[in-house]
Amino acid sequence: MRETLRTRMGWLHGWAGFLVGLLAVCIFMTGTLSVFDTEITRWMQPENQVPANAPLTGTALNAASSLIHEQQVHGASVFLTLPSARSPTIDVLHYDGRQFVGTLLDPRTGTPVPVRATMGGTFFFSFHYTLLEGTTGTRIVNIVGVILLVAIGSGIVIHIRALVPDIIRLRLSAARLRGWLDAHLLVGVLFLPFTIMIIYTGVLVNVGLILPATPLTDLFVHEKPQTIPASDTRAAPDIPLPLPPLAPLLATARNSLQGRDAGFILFSPDHLSIYASDASGPFLTRDHVDFHLPDGHLLGTTTTPGHIAHTMQVMHGLHYARFACLDLRWLYFVSGLCATAMIASGLVLFLMKRRSRSGHRIGFRVGESLTITTLTGLPVSILAFLWCNRLLPASMVGRDRMEVACFLGIWILCTGHASLCASGRCMNRAWGPQLRLIALLGGGLPVLDILACPRAVYNLPAIHAAIDGTGLLAAVIALSVRRRLEGDGK
Amino acid sequence: MIFFATFLLWLLAFSCHARLHPYRYGFTMLAIREQRMAITGRIAFPTIALALATRMDGVTGVLIWFASLSIAGLCIALWLASRRK
Amino acid sequence: MACLVSYPVAHFVMMDIAGMPGGNAMVQLGQIIALACLPVLIVLCFSAYAALPGVCIAGCVAIIVGLLVS
């Protein structure tokens, strides 16, 4: 009976894990990079050399006010993000249908900082939770999350007897399959708390998409497009109301928000709202203080009380980790990498176990080429995305779109290469060149960075060292895997 | 700072764990008294680490405690594997 | 089959909790609990299916009845 249960769970773990694992690796890899999305954006905008913790002055806030008013006159719906420890500039942003774009201002003087157009780290962030497919993508990501939790649950059932005794067991000298299995189990068990927490909280962020609070029968009713009633349509005022000085409002907001820093300001036709910073604590709230326009008198403070709301806020806070200090952010990054490695090793194990029996089948070869596309093709395209940022001219029109086109183009090429090798039944030949490409692009990243932007590397050494170092680490891992593969082939 | 303290305590806990499973991890059998000490250590070190982490950092402390568990476990597993290679 | 049985059960759990007085907070509580239950239910259903097909069929019937009644 117990063996039957283990066998059934093994089937569920293997197939559920493999089918969603291909997408899960992409979600985890980009999510891990999103831990440092702001820093990646700074790396990708080397012109922005405003030092961290530069003081915010009234002059700069007035300049931002003028700019916002000017843009509102032109009909743009803008908002303002305030400087923080991670992003030292004042950003006047609007949504262009794909991403938030706008002007960066120096917090000391209020002068615009001319930066290149780039998707920046937000590209990884939006890829992580939408797969660049909007709401449909988010729904897919949520379903992948639930199935991953199922795979983890079945994995625990399979391994339950040896879960604690074998928690630190790794046999590098054992047979190849045993070694991979040990590595999968080791990383899987040790990072289990992090993995479950990050998947559960991640699905909870957009849980309404898979568990809507409507009766199930309503799901089958075709949704009618929403029409705005004629009585609700109000003509926007021709000239927006002028903004009051922001510095005193920020001081009032800080007092009303129990000393929490302000994160961003939203502007409505007749009032403005100052929101608490996400970095002010593990509770990711949308608490805000409203001020009347144009005189700026206090309208009130909005907070979300109650234990359940606080639980939800802490779940969101744990996933986004915007409250985390640099050390904790690195721990998130390392844990994310290990969780990615756990899923990746699971994919490899699934293929290794079936190679002798089903290696000749077309389904197996498709599976293996998709695995190669995910495990090596995605890092290649991420590195190509970073290279593109340095190689494309800074003043080029539409360079942000070009970066994304390059990312997707390289990934498609990697897929084509893996598929070609799969059709010729020489899979080892597919791993090799793509691993070499990772080594080349990753190893060359620091050199390219120093050659292209020496001043930025000198002024912001920590950010550049971290991102270039990650490229180098990818190169070292790729080379060692390639050497191992060659060793196995001999 | 808290990370290093909890990391060290988890290393000690995993060392006790490895000594309690001598055949799995290639150690000699412990005497009864040493076994009792190892069992106590395996429970006490993580508890001290958790108390330390939560007292100093609240929610962040709990996250650090779990992260140090994972990373300490990984380090000791790599050391044990290289020792037996 | 396991998913077909588990998803409606998790959804019913959520809707029952969301129906309690408390407004949006209870919807959130329902979602927190239902999301935690969903993977566990799928694993349980999948493991039980081999031994207890009758129970699973009865569950399916109960869900269809529940759907029609709701």
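Note that the structure is a prediction, hence the values are computed from the model and not measured. (Residues numbered from 1 in each chain as written. Chains lettered and ligands numbered in written order. Predicted model: local features only at pLDDT ≥ 70, side-chain atom pairs only at ≥ 80, totals over all residues. Heavy atoms only, no water.)

Trainee: With reference to specific residues and values, describe the overall build of chain A.
Mentor: Scanning chain A for helices and strands turns up 15 helices and seven strands. Here chain A has a C-alpha radius of gyration of 25 Å; the compact-globule value for 490 residues is 23 Å, and the two agree. Taking the principal axes of the C-alpha coordinates as reference, chain A spans close to 75 × 60 × 45 Å. Sorting the 490 residues of chain A into buried and exposed places 51% on the buried side. Taking the contacts inside chain A whose residues are at least 6 apart along the sequence as the reference set, 68% of them involve residues at least 24 apart. When the accessible area of chain A is evaluated, it comes to approximately 23,300 Å², of which 65% is carbon and sulfur surface. (Helix = DSSP H or I, 4+ residues; strand = E, 2+ residues; numbered from the N terminus. Rg over C-alpha atoms; globule rule 2.2 N^0.38 Å. Buried < 20%, exposed > 50% of the residue type's maximum accessible area, 1.4 Å probe, protein only. Contact = heavy atoms within 4.5 Å. Areas by Shrake-Rupley, 256 points an atom, 1.4 Å probe, with all protein chains shown as cover.)

Trainee: Give me the lowdown on the layout of surface pockets, citing residues and values where you can.
Mentor: Residue and element names in this part refer to chain A. Taken as a whole, the second largest pocket holds about 930 Å³ of empty space. As for the second largest pocket, its lining consists of 41 residues, and the residues nearest its centre are His 13, Gly 155, Ile 158, His 184 and Leu 185. The set of elements that each furnish at least two residues to the lining of the second largest pocket consists of helix 1 (2–34), helix 5 (134–159), helix 6 (176–190) and helix 10 (326–358). (1 Å grid on protein atoms, 1.4 Å probe; cavity = no way out; pocket = protein on both sides within 12 Å on 5 of 7 lines; lining within 4 Å. Points joined across faces, edges and corners; volume = space filled by probe spheres on them.)

Trainee: Let's hear about the nonpolar core: which residues, and what values?
Mentor: Among the nonpolar cores identified, the biggest contains 130 residues, and A:Ile168, A:Tyr332, B:Phe14 and C:Leu35 are the most heavily contacted of them. When near neighbours in sequence (up to four residues on either side) are disregarded, C:Leu35 contacts A:Val146, A:Tyr200, A:Val203, A:Leu204, A:Val207, A:Ile210 and A:Leu211. One finds A:Ala64, A:Leu80, A:Ile90 and A:Leu243 within the second-largest nonpolar core, a separate group that totals 26 residues. (Core = buried A, V, L, I, M, F, W, Y, C linked by side-chain atoms within 4.5 Å.)

Trainee: Tell me about the side chain of A:Arg365, and name the residues and values.
Mentor: Mapped onto the elements, A:Arg365 comes out in helix 11 (residues 362–391). With no salt bridge to any partner, buried A:Arg365 finds its closest opposite charge in A:Glu368, at an N-O distance of 8.0 Å. (Lys, Arg positive; Asp, Glu negative; His and termini not counted. Salt bridge = Lys/Arg side-chain N within 4 Å of Asp/Glu carboxyl O.)

Trainee: Talk me through the interface of chain A and chain C; I want residue IDs and the actual numbers.
Mentor: Counting from both sides, the interface comprises 29 residues of chain A and, opposite them, 25 residues of chain C. For the chain A and chain C pair, buried surface summed over both sides reaches about 2,500 Å², with 82% attributable to carbon and sulfur atoms. For the interface between chain A and chain C, the tally reads six residue pairs in polar contact (both at pLDDT 80 or more). If you list the elements that add at least two residues to the side of chain A that touches chain C, you get helix 1, helix 5, helix 7 (192–205) and helix 9 (307–320) of chain A. (Buried area = accessible area lost by both parts, 1.4 Å probe. Polar contact = N/O pair within 3.5 Å; in protein donor to acceptor, adjacent residues only side chain to side chain.)

Trainee: Can you explain the sheet that holds strand 7 (residues 298–302) of chain A? Please cite residues and give values.
Mentor: Residues and elements named next belong to chain A. If you walk across this open sheet you meet the seven strands as 3-2-1-4-5-6-7, and the pairing is antiparallel. Only two strands of the sheet have a single neighbouring strand rather than two, namely strand 3 (100–105) and strand 7. Taken over all neighbouring pairs, the strand axes of this sheet differ in orientation by 20° on average, direction set aside. In terms of strand pairing, strand 1 (residues 79–81) meets strand 4 (residues 262–267) through three bridges, oriented antiparallel. The partner of Leu 80 across the bridge, within strand 4, is Ile 265. (Pairing = 2+ DSSP bridges. Axes fitted to C-alpha atoms, helices over the stretch in contact; angles between N-to-C directions.)

Trainee: Can you break down the interface of chain A and chain B residue by residue, with the values?
Mentor: Between chain A and chain B, the contact holds 23 residues from the first and 24 residues from the second. At the surface where chain A touches chain B, the tally comes to one salt bridge. Here A:Asp166 and B:Arg24 are joined by a salt bridge, their closest N and O atoms 2.6 Å apart. Contributing elements (two or more residues each) for the side of chain A that touches chain B: helix 6, helix 7 and helix 10 of chain A.

Trainee: Before we move on, can you summarise the confidence of the model for chain A with the specific residues and values?
Mentor: Confidence in the prediction of chain A, expressed as mean pLDDT, is 88, and 93% of residues score 70 or more. Overall, residues 230–235 of chain A carries pLDDT values under 50, and its contacts beyond four positions in sequence, including any with other chains, amount to one contact. (pLDDT = per-residue confidence, 0-100.)

Trainee: Mind laying out the domain arrangement of chain A, listing which residues take part and the relevant values?
Mentor: Think of interface size as the accessible area that goes away when the parts come together; that is how it is often given. Here the domain parsing of chain A yields domain 1 (51–114 + 242–293) and domain 2 (359–490). Domain 1 of chain A and domain 2 of chain A are separated by 37 Å when their C-alpha centres are compared. (Domains from an automatic or database assignment.)

Trainee: Tell me what's going on with the pattern of salt bridges, and back it up with residues and numbers.
Mentor: Residues and elements named next belong to chain A. Applying the stated criterion across every chain, the model contains 15 salt bridges over all chains. Where Arg 116 meets Glu 47, a salt bridge forms, and the shortest distance between an N and an O atom there is 2.8 Å. In this pair, Arg 116 is assigned in the loop between strand 3 and helix 4 (122–130) and Glu 47 in the loop between helix 2 (37–44) and helix 3 (58–73), connecting sequence segments 69 residues apart. The buried category is assigned to Arg 116, whose relative accessible area is 10%. The residue Asp 449 makes a salt bridge to Arg 390 at a minimum N-O spacing of 3.0 Å.

Trainee: Quick one: what's the story with the arrangement of the chains, residue by residue and with numbers?
Mentor: Highest in contacts among the two pairs of chains that touch are chains A and C. One finds no contact linking chain B with chain C; the least C-alpha distance across the pair is 19 Å.

Trainee: Could you give me a rundown of the pairing of strand 2 (residues 90–95) of chain A, with the residues and numbers involved?
Mentor: All names here are of chain A. As paired elements, strand 1 and strand 2 share three bridges and run antiparallel to each other. Across the sheet, Phe 79 pairs through a bridge with Leu 93, a residue of strand 2. The pairing of strand 2 with strand 3 spans six bridges and is antiparallel. Bridge assignment links Ile 90 to a residue of strand 3, and that residue is Leu 105. The antiparallel hairpin formed by strand 2 and strand 3 contains four residues in its connecting segment, where Gly 97 sits at a positive phi of about 100°.

Trainee: Can you explain the packing of helix 7 of chain A against helix 9 of chain A? Please cite residues and give values.
Mentor: Two packed helices can be described by the angle between their axes and the distance between those axes. All names here are of chain A. Where helix 7 meets helix 9, the closest approach of the two axes is 9 Å, and the angle between their N-to-C directions is 120°. Classified by the interaxial angle, the pair formed by helix 7 and helix 9 is oblique. The crossing of helix 7 and helix 9 is left-handed. The residues of helix 9 that touch helix 7, namely those facing Met 197, Ile 198, Tyr 200, Thr 201, Gly 202, Leu 204 and Val 205, are Met 312, Met 315, His 316, Leu 318, His 319 and Tyr 320. Taken together, the residues of the contact of helix 7 with helix 9 sort by class into nine nonpolar, four polar and no charged. (Parallel < 35°, antiparallel > 145°, perpendicular 65-115°, else oblique. Left-handed = near helix turned anticlockwise from the far one by under 90°. Nonpolar A, V, L, I, M, F, W, Y, C, P; charged D, E, K, R; others polar.)

Trainee: Summarise the packing of aromatic side chains; cite the residues concerned and give the values.
Mentor: Residues and elements named next belong to chain A. Going through the model one piece at a time under the given rule, you end up with 26 aromatic pairs over all chains. Pairing Phe 123 with Phe 385 gives two aromatic rings, centres 4.7 Å apart and planes at 25°, and the pair type is stacked. Linking Phe 123 in helix 4 with Phe 385 in helix 11, this pair joins segments that are 262 residues apart in sequence. For the pair Phe 123 and Phe 385, a shared accessibility class is recorded, and that class is buried. Look at Phe 127 and Phe 407: their rings are 5.9 Å apart centre to centre, the planes differ by 75°, and that puts the pair in the edge-to-face class. (Phe/Tyr/Trp six-rings, centres within 6.5 Å; stacked < 30°, edge-to-face > 60°.)

Trainee: So what's going on with the pairing of strand 5 (residues 271–276) of chain A? Which residues, and what values?
Mentor: Residues and elements named next belong to chain A. Across the six residues that make up strand 5, a large majority, five, are buried. Sheet analysis places strand 4 next to strand 5, joined by five bridges and oriented antiparallel. In the strand pairing of strand 5, Ile 265 is matched with Ile 274. Between the end of strand 4 and the start of strand 5, which pair antiparallel, lie three residues. As paired elements, strand 5 and strand 6 (residues 288–292) share five bridges and run antiparallel to each other. For Tyr 275, the partnering residue across the bridge sits in strand 6 and is His 288.

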